[in-house]
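# Geometric and topological summary
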Amino acid sequence: MKLELVKTIDGSNSLKNLIINDSYHSKYGAINESKHIFINNGLKRISKKKIRVLEIGFGTGLNALLTQLYCDKKEKKITYHTIDNLPLIEEIYSSLNYCDQLKIDKNIFLKIHSSLWENEIELSNFFVLKKMNCDFTKILFNEKYDLIYFDAFSPSKQPEMWTLNNFKKLYECLNINGVLITYSSKGDVKRTMKEVGFNVYSIEGPTGKREITLASKD
Ligand SMILES: C[S@@+](CC[C@H](N)C(=O)[O-])C[C@H]1O[C@@H](n2cnc3c(N)ncnc32)[C@H](O)[C@@H]1O
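Rules used throughout
Starting from 1, residues in each chain are numbered consecutively following that chain's sequence as written. Thresholds applied to this predicted model are a pLDDT of at least 70 for local features of residues and 80 or more for the giving and counting of side-chain atom pairs; totals over whole chains, interfaces and linings are not thresholded and use all residues. Each side-chain value is derived from all of the structure's non-hydrogen atoms; neither hydrogens nor water enter the calculation. Strands are runs of DSSP state E lasting at least two residues, helices are runs of H or I lasting at least four, and both sets are numbered from the N terminus onward. The globule rule used for comparison is 2.2 Å times the number of residues to the exponent 0.38, while the radius of gyration itself is calculated over C-alpha atoms. In this scheme, a residue with accessible area under 20% of its type's maximum is buried, one over 50% is exposed, and one in between is partly exposed, where area comes from a 1.4 Å probe on protein chains only. The contact criterion used is simple: two residues touch if any of their non-hydrogen atoms lie within 4.5 Å. Note on areas: these come from Shrake-Rupley sampling with a 1.4 Å probe, and a residue is covered only by the protein chains present in the view. Neither His nor the chain ends is counted toward charge; the positive residues are Lys and Arg and the negative residues Asp and Glu. All charge positions are set by atom: Lys at NZ, Arg at CZ, Asp at CG, Glu at CD. For two strands to count as paired, DSSP must find a minimum of two bridges between them. Working definition: residue near molecule or strand if any one of its non-hydrogen atoms lies within 4 Å of it. Here a polar contact is taken to be a pair of N or O atoms separated by no more than 3.5 Å, where protein atoms must pair a possible hydrogen donor with a possible acceptor and residues adjacent in sequence count only if both atoms sit in side chains. For this scheme, ten residues count as nonpolar: Ala, Val, Leu, Ile, Met, Phe, Trp, Tyr, Cys and Pro. Four count as charged, namely Asp, Glu, Lys and Arg, and the remainder, Gly too, count as polar. We define the nonpolar core as a collection of buried residues of types Ala, Val, Leu, Ile, Met, Phe, Trp, Tyr and Cys that are connected through side-chain atoms lying within 4.5 Å of one another. Planes of paired rings set the category: under 30 degrees apart is stacked, over 60 is edge-to-face and the rest tilted, where pairs are Phe, Tyr or Trp rings (Trp by its six-membered ring) whose centres lie within 6.5 Å.

### Some remarks on the overall build of the chain
When you go through the chain residue by residue, the secondary structure sums to 7 helices and 11 strands. Computed over C-alpha atoms, the radius of gyration of the chain comes to 16 Å, within 12% of the 17 Å expected from 2.2 N^0.38 for 218 residues, which places it in the range of a compact globule. The dimensions of the chain, computed from C-alpha atoms along their principal axes, are 40 × 40 × 30 Å. Within the chain, the fraction of its 218 residues that count as buried is 54%. In the chain, the share of contacts with a sequence separation of at least 24, taken over all contacts with a separation of at least 6, comes to 66%. Here the chain displays about 10,500 Å² of accessible surface, and carbon together with sulfur accounts for 48% of that area. Taken together, the 32 basic and 26 acidic charged side chains of the chain have centroids lying 4 Å from each other.

Structure (structure tokens):
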């Protein structure tokens, strides 16, 4: 895997996959983007005391980190399942500057990365993490979730992630009143989601992006 460490405009790092020429986050700010999309417009919409989250594309672990910080602060129990078929090596993840930027202890982030894959691990009183090293296009889910962070590479770079069949799988593993949130606002993506049965909403994006997409299973 050929990766380049990059700095985004809010000062936080991201990575660029040089093979498919796509970045893990927006150039306008990795932390800013993750917070806006996944925490403020995803997690904060779920009012249950115990929340089950599924993330497609664990990547740098930034979404997982922000989710743990949120649930530890709010004392909400979160079980967080995340999948990635190309986990980062230690040399790369330990060079990411998220903890400095957020002014928190780096061990929280390192524990997220060094925790065993394929096992549910209790990382705090409120946050349970399971990382799965597998291919999203092949996996069948046998558990249900309240919230899905769909954070694959872009539809133009990785169209096989954004297919009808894949959104069907996600629709089926969502609980009623569950929500899927993603940064993409492409018309094709929204049409595919609607075809599967989601109610689809365009909502304001983070800096540098007009809209993002929220899909709900009502
Ligand atoms: C946009 S990045 C994810 C960013 C991430 N959520 C973060 O906070 O850094 C997309 C991720 O999807 C992963 N990925 C690509 N194809 C995949 C597949 N077929 N199955 C599972 N993960 C995949 C990549 O390895 C990459 O880590």
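Now that the structure is up, let's keep going.
### Considerations on the pairing of strand β10 (residues 199–204)
Relative to strand β11 (residues 211–217), β10 runs antiparallel, the two sharing 6 bridges. The residue bridging E204 from the neighbouring strand is E211, located in β11. The turn linking β10 back onto β11 is made up of 6 residues, and G208 within it adopts a positive phi angle of 90 degrees.

### Some words on the site of the ligand
Inspection of the region around the ligand gives 21 residues, with G57, T60, D84, D135 and D151 positioned closest. Residue H25 places a side-chain N or O atom 3.2 Å away from an oxygen atom belonging to the ligand. Here a nitrogen atom of the ligand sits 2.7 Å away from a polar atom, N or O, in the side chain of D151. For the ligand, whose free accessible area comes to 600 Å², the fraction covered by protein is 97%. Taken together, the residues of the shell around the ligand sort by class into 9 nonpolar, 8 polar and 4 charged.

### A short note on the side chain of H81
Along the chain, H81 turns up in strand β5 (residues 77–84). A distance of 2.8 Å separates polar atoms of two side chains, one belonging to H81 and the other to Y145. Aside from chain neighbours lying at most four places away, what touches H81 is R52, V53, L54, E55, E120, K130, M132, E143 and Y145.

### Quick word on the nonpolar core
Core analysis: the largest hydrophobic core is formed by 66 residues, its most contacted members being I56, F150 and L170. Here this core takes 6 residues from helix α2 (residues 62–74), the largest share from any one element. When neighbours within four sequence positions are excluded, L170 is seen to be in contact with L54, I56, F136, F141, I148, F150, L180 and F198.

### Brief notes about the packing of aromatic side chains
Summed over the entire model, instances satisfying the criterion amount to 13 aromatic pairs. Their ring planes at 80 degrees and their centres at 5.3 Å tell us that Y24 and F153 sit as a pair that is edge-to-face. Here Y24, found in the loop between β3 (22–23) and α1 (30–40), pairs with F153, found in the loop between β8 (145–150) and α6 (164–172); they are 129 residues apart in sequence, far enough to count as distant. Summarising the burial analysis for this pair, Y24 and F153 share the class buried.

### A word on the sheet that holds β3
Across a sheet, paired strands are connected by hydrogen bonds in the backbone, their directions being either parallel or antiparallel. With antiparallel pairing, 3 strands are arranged side by side in an open sheet as β1-β2-β3. The sheet is open, and its two borders are formed by β1 (3–7) and β3, each paired with just one other strand. Direction of pairing for β1 relative to strand β2 (residues 13–17): antiparallel, over a ladder of 5 bridges. Within β2, the position partnered with E4 by the bridge is K16.

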